[in-house]
Amino acid sequence: MKTIAVLTSGGDAPGMNAAVRAVVRTACENGIKVLGVVRGYNGLINGDFIEMDLRSVSDIINRGGTILYSARSAEFATEEGMRKAVRTCREYGIEGVVVIGGDGSFRGARDLSERGIPCVGIPGTIDNDIACCDYTIGYDTCLNTIMEMVDRIRDTTESHDRCSVIEVMGRRAGFLALNSGIACGATAILIPEIPFEIEKHVIERMKRTQRTDKKHFIIIVAEGVGLDVKQLAAEIQSKTGVESRATILGHTQRGGYPTAKDRVMATRMGNYAVKLLMNDIGNRVVAAQKEEVLDFDIFEALNMKKSVDMELYNVAHEVSI
Ligand code: ATP
């Protein structure tokens, strides 16, 4: 293997840079040329490459976002776009591609592998929604960011005897909401995986804790449930008499310097991905399970289902009252 490419695709996640760094350094140390692809699959279609060396990834392990930029490429998902990308890879002598992104990006990697360009996916998404992994790069940082933000909101919520209804990211998954809800002692946590009724799971819970003299409340809502948190806050206020405010944490959850866990795991995964390609193994997803780094066939990985840990949900339900 003489030349590989590395790209970041889909939503950016803290720790992507640490993964890029590990890919570049591992490849360089093994005599492989690395092309950094700018703006995800768009860069692969258009030949927008930067030749990377050991020093081009200096001072990035601590930075959020991605130095390679990210994009969502509608063109790449078409037959013509895919053909163009394959042509560009051949033109530049690219024999393998490391794709750092979420499940959409892995679908692209699978399609590219099927057309003869071996790809290895690294799970980089704050949502932690990749089924074969119990951890994805960026999730730990995002979870800690949410915790810090909610702690700040809690100070003012407590000072004014209010209820704060806080929407957190996660796309269609509730992992960020469930775990941040536990970490922040939320009275109620609403996630898309578990059916709920506002009356029973929010209002009644609040009223019950009011009877034990609780005066301020945190309600965590996953964006995936599709609720309008302003409306929910208004409903809570009218039914409980507690002044309620809504906060959408938004993109503040994406940025910031990655945690040690994200940096270490991203480094291990980046190194592992290049080793797979060096052994002529493509069409794989690098995964983390119980702190161990391993790999799966992309197709199989995309067909796996990830469910919420009911035990964890029950713990939250029992303790956060
Ligand atoms: P995140 O979970 O952070 O949103 P993601 O990788 O799932 O990340 P997507 O927008 O779903 O983000 O996908 C990123 C890119 O992958 C798309 O813009 C597209 O170029 C490519 N892609 C997605 N789905 C497919 C598909 N079915 N076939 C080919 N390429 C795809």
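In what follows, the accompanying structure is described. Everything quoted here is computed from the prediction, not taken from an experiment. (Residues numbered from 1 in each chain as written. Predicted model: local features only at pLDDT ≥ 70, side-chain atom pairs only at ≥ 80, totals over all residues. Heavy atoms only, no water.)

Tallied over the full model, the rule gives 0 disulfides. A disulfide-free cysteine, Cys89 has its sulfur positioned 7.3 Å from the sulfur of Cys119, the nearest such atom. By relative accessible area, Cys89 is classed as buried at 0%. (Disulfide = S-S within 2.5 Å. Buried < 20%, exposed > 50% of the residue type's maximum accessible area, 1.4 Å probe, protein only.)

A few words now on the site of the ligand. Close to the ligand lie 18 residues, the nearest being Arg72, Ser73, Gly102, Ser105 and Arg171. Separating an oxygen atom of the ligand from a side-chain N or O atom of Thr125 is a distance of 3.5 Å. Arg171 is positioned with one of its side-chain polar atoms (N or O) 2.6 Å from an oxygen atom of the ligand. Protein contact buries 84% of the 630 Å² of open area that the ligand shows by itself. When its residues are assigned to classes, the shell around the ligand shows 3 nonpolar, 9 polar and 6 charged. (Near = heavy atom within 4 Å. Polar contact = N/O pair within 3.5 Å; in protein donor to acceptor, adjacent residues only side chain to side chain. Areas by Shrake-Rupley, 256 points an atom, 1.4 Å probe, with all protein chains shown as cover. Nonpolar A, V, L, I, M, F, W, Y, C, P; charged D, E, K, R; others polar.)

This next bit is on empty space enclosed by the protein. What the rule picks out here adds up to 1 cavity of 30 Å³ or more. Empty space within the largest cavity amounts to approximately 100 Å³. Lining the largest cavity, in full, are Ala186, Thr187, Ala188, Ile189, Leu190, His201, Arg205, Tyr313, Ala316, His317 and Ser320. Those elements that place two or more of their residues in the lining of the largest cavity are strand E7 (188-190), helix H7 (198-210) and helix H11 (310-319). Classifying every residue of the lining of the largest cavity by side-chain character gives 6 nonpolar, 4 polar and 1 charged. (1 Å grid on protein atoms, 1.4 Å probe; cavity = no way out; pocket = protein on both sides within 12 Å on 5 of 7 lines; lining within 4 Å. Points joined across faces, edges and corners; volume = space filled by probe spheres on them. Helix = DSSP H or I, 4+ residues; strand = E, 2+ residues; numbered from the N terminus.)

So, about a negative patch on the surface. A grouping of Asp151, Asp155, Glu158 and Asp161 is seen on the molecular surface, where their side chains present a negatively charged patch. Mapped onto the fold, Asp161 is located in the loop between helix H5 (139-159) and strand E6 (163-168). (Patch = residues over 30% accessible without salt bridge, like charges linked within 9 Å, V, L, I, M, F, W, Y side chains within 5 Å. Salt bridge = Lys/Arg side-chain N within 4 Å of Asp/Glu carboxyl O. Lys, Arg positive; Asp, Glu negative; His and termini not counted. Charge placed at Lys NZ, Arg CZ, Asp CG, Glu CD.)

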